[in-house]
Amino acid sequence: MRDKKKVNIKPWLFIVPSLVLITLFVFYPMIQAFITSLQTGMGNNLKFSGAANYKRLLTDSTFRKALFNTVLYLIVQVPIMILLALAISSMLNDKRLKCKGFFRTAIFLPCVTSLVAYSIIFKSLFATDGFVNAMLMNLHIIDAPIAWITTTGFARALIIIAITWRWTGYNMIFYLAGLQGIDDSVYEAAAIDGATGFQKFRYMTLPLLKPIILFTTINSTIGTLQLFDEPMNITSGGPANATITISQYIYNLLFKYQPNFGYAAAVSYVIVVLIVILSFIQMKVGDDKE
Amino acid sequence: MSKKSKVLRTLEYVILSILSIVSIFPFFWMIIAATNKSVDVSKGTLLPGTYFMENLRTLLDSDLNYLGAFKNSLVIAVLTTAIAMVVSSAAGYAFQIYKSKGRDVVFNFILLSMMVPFAALMVPLFRLFTKFRNIPVLKFVALDTPGSVIIIAVATAFLIFFFRQNTKTFPKELVEAARIDGLGEFGIFTRIFMPTMKSTYAAAVVVTFMSSWNNYLWPLIALQSGGKRTLPLIISAMGSSYTPDYGMMMTAVVIATIPTALIFFLMQKQFVAGMTGSVKG
């Protein structure tokens, strides 16, 4: 009896430190945030006020901008990146391709940079007097420098270009790992049957990689909905909030303006709800095609 | 090879080469900029210069306290990694070795935390860590201490999952044999499991060090006073200045990127295994 108890308690001792930390720093704050989102007031003087903060969301034009931008990044950038990563990985999966190691390492390399570091590099490269403008002008593609950072459309495009540069290689590695798991004989059989490269990709690679594509899509969705470092450091959310994201708006509500904990918490719950809904939809779509 | 597939093959090489150049170019440019005067960088030079030492001196002499931030980043990243390797690996190990219904439920509960966006935690965590200031035992992890950045990163669902997955390759007979030899459960973990799973630990070390070294949002909130700031915070501050000194700025970025780039080139296999959380690596 004594022995059995000993065996039962010890495993928990391994787990408890992690469980306590994750509960304290993830689940408890998560609940706390919801409670706070039902309160209004400045600083720490908070009073319950029902759904007032959530009602305010409906009329807040900055929030609408932040939501619009975040969704825009999501629906434009994620598909581009996933398709690009898929295309690169199927090219790299070719056995007869030379310099495969070099291509793979080069395209994965952006992953070693910190988000802040690469944001600063992109900000400098795309500055009005920066390298990209100089090159475009030398090639006579443009006559005058483009104000990448301070023009709405270009600033948004810049954020999308930057994120795609940083994360395509990361996703590519997942697909490469998945492709290596597919037996070559499958492709050889298809080649004998006269399948073209595109047919092989569409009817064999895609279905076989589906679980991994689903995983990376959910991963990128969660990441994009929390986007913060890039708009903060490349455009500071400007011009006039044209590139601001929800995370950045929450940060501003906390530290840039008079701290408004209740409203910031309500905004943050929008991200929670979006993640839950989108992950659910993606998993449903992933299942249906089965 | 038919003519058509030869064309396709050439096209493949062209596309991959262009993508590789685009991927590498910002790194190349960052080194060019770090070795040139700011004015020359603005002119669009693409030749390595000889101005690196001057840029470095400007950086170290500036009031940014770059060396201090480097030290802060290093201390935080090393301590986070060391503690995480014990705390998270112990949990991952136990979930796999002592499988039970109750523990599977707890494991799934922990996995759920992966879905929680950090943005939703910003507000309550800021307030929680402010409160720690008034609790004597928790002062060392209160807001504006390195501890506040460390403690939040030592137990993560990702690492616990990673260690549980990899523990599947750890032969259970070793556990049985060690028990017969009279080794306690903790002894088995520290003296048998840890040395056996070196490559798993290597991958976990790489990914934990990387994410701690590069972390931005929570340190930005938690470390408010100048002397406590880490490298990403300093670099971010440099980037938002109105008259950026490109030479100095890129010198700062190059030095901040060296540790992670070194890790990548020396331990590419573990790096990729850690990033993707894959079992085989």
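If you're wondering where the values come from, they're calculated on a predicted model, not measured in any experiment.

## Let's talk about the overall build of chain B
Scanning chain B from N- to C-terminus turns up 15 helices and zero strands. Its C-alpha atoms put chain B at 75 × 70 × 35 Å along the principal axes. Each of the 281 residues in chain B was classed as buried or not, and the buried ones make up 42%. Across chain B, the fraction of contacts at a sequence separation of at least 24, relative to all contacts at a separation of at least 6, is 71%.

## What about the overall build of chain A?
Counting its secondary structure elements, chain A contains 12 helices and two strands. Counted from the first residue to the last, chain A has its helices and strands arranged as α-β-β-α-α-α-α-α-α-α-α-α-α-α. Here chain A has a C-alpha radius of gyration of 24 Å; the compact-globule value for 290 residues is 19 Å, and the former is much larger. With respect to the principal axes defined by its C-alpha atoms, chain A has extents near 80 × 70 × 35 Å. Taking the intrachain contacts of chain A between residues at least 6 apart in sequence as the baseline, contacts between residues at least 24 apart amount to 69%.

## A few points about the packing of helix α8 (residues 157-167) of chain B against helix α11 (residues 198-214) of chain B
All names here are of chain B. It is at 11 Å that the axes of α8 and α11 come closest, and there the two elements cross at 165°. The orientation of α8 with respect to α11, classified from their angle, is roughly antiparallel. The crossing of α8 and α11 is right-handed. The segment α8 lies against α11, with Leu159, Phe162, Phe163 and Asn166 engaging Thr200, Ala204 and Thr208. Looking at side-chain class alone, the contact of α8 with α11 contains four nonpolar, three polar and no charged residues.

## Observations concerning the packing of helix α5 (residues 115-125) of chain A against helix α14 (residues 246-266) of chain B
At a minimum axis separation of 10 Å, α5 of chain A and α14 of chain B run at an interaxial angle of 150°. The angle between α5 of chain A and α14 of chain B places the two elements in the roughly antiparallel class. With respect to the hand of their crossing, α5 of chain A and α14 of chain B are arranged in left-handed fashion. Listed contacts from α14 of chain B to Ala117, Ile120, Ile121 and Ser124 of chain A of α5 of chain A are Tyr246, Met249, Val253, Ala256 and Thr257 of chain B. Classifying every residue of the contact of α5 of chain A with α14 of chain B by side-chain character gives seven nonpolar, two polar and no charged.

## Looking at the interface of chain A and chain B
With 67 residues of chain A in contact, the opposing surface of chain B contributes 65 residues. At 17 residues, the largest contribution of residues to the side of chain A that touches chain B is made by helix α1 (residues 2-37) of chain A.

## Regarding the confidence of the model for chain B
Averaged over all residues, the pLDDT of chain B is 90; the fraction at 70 or higher stands at 97%. Here the predicted complex carries an ipTM of 0.90, next to a pTM of 0.90.

## Considering the nonpolar core
Burial of nonpolar side chains together is a common tendency in soluble globular proteins. Grouped together as the largest cluster of nonpolar side chains are 153 residues, with contacts concentrated most on Ile250 and Val267 of chain A together with Ile235 and Val253 of chain B. When sequence neighbours within four positions are dropped, the list of residues in contact with Ile250 of chain A reads Ala264, Val267 and Ser268 of chain A together with Ala119 and Met122 of chain B.

## Here we look at the environment of Pro219 of chain B
Residues and elements named next belong to chain B. Tracing the chain through its elements places Pro219 in helix α12 (residues 217-222). Separated by 189 residues in sequence, Pro219 and Met30 place their C-alpha atoms 25 Å apart. Sequence-distant contacts of Pro219, that is, excluding residues within four places in its chain, are made with Val149, Thr230, Pro232 and Leu233.

## Some words on unusual backbone geometry
Outside of glycine, negative phi angles account for most residues, and trans bonds account for most peptide bonds. Residue and element names in this part refer to chain A. In this chain, Gly238 is followed by Pro239 through a cis amide linkage whose omega measures -5°. If you check the backbone angles, Cys99 has positive phi at about 60° while not being a glycine. With respect to the helices and strands, the residue Cys99 is situated in the loop between α3 (61-92) and α4 (100-108). Assessed through the 12 C-beta atoms surrounding it within 10 Å, Cys99 is described here as exposed.

## What about helix α4 (residues 66-97) of chain B?
Compared with an ideal rise of 1.5 Å per residue, which puts 32 residues at 46 Å, α4 of chain B spans 45 Å between its outermost C-alpha atoms and is within 8% of the ideal. Where α4 of chain B bends most, the angle comes to about 30°, and this point is Ala84 of chain B.

## Looking at the environment of Ser199 of chain B
Turning to its location among the elements, Ser199 of chain B is positioned in helix α11. Separated by 134 residues in sequence, Ser199 of chain B and Asn65 of chain B place their C-alpha atoms 36 Å apart.

Rules of the game
Residues numbered from 1 in each chain as written. Chains lettered and ligands numbered in written order. Predicted model: local features only at pLDDT ≥ 70, side-chain atom pairs only at ≥ 80, totals over all residues. Helix = DSSP H or I, 4+ residues; strand = E, 2+ residues; numbered from the N terminus. Buried ≥ 20, exposed ≤ 12 C-beta atoms within 10 Å, placed from the backbone. Contact = placed C-beta atoms within 7 Å. Rg over C-alpha atoms; globule rule 2.2 N^0.38 Å. Axes fitted to C-alpha atoms, helices over the stretch in contact; angles between N-to-C directions. Parallel < 35°, antiparallel > 145°, perpendicular 65-115°, else oblique. Left-handed = near helix turned anticlockwise from the far one by under 90°. Nonpolar A, V, L, I, M, F, W, Y, C, P; charged D, E, K, R; others polar. pLDDT = per-residue confidence, 0-100. Core = buried A, V, L, I, M, F, W, Y, C linked by C-beta atoms within 7 Å. Expected span 1.5 Å × (residues − 1). Bend = angle between axes of the 7 residues up to and from the residue.

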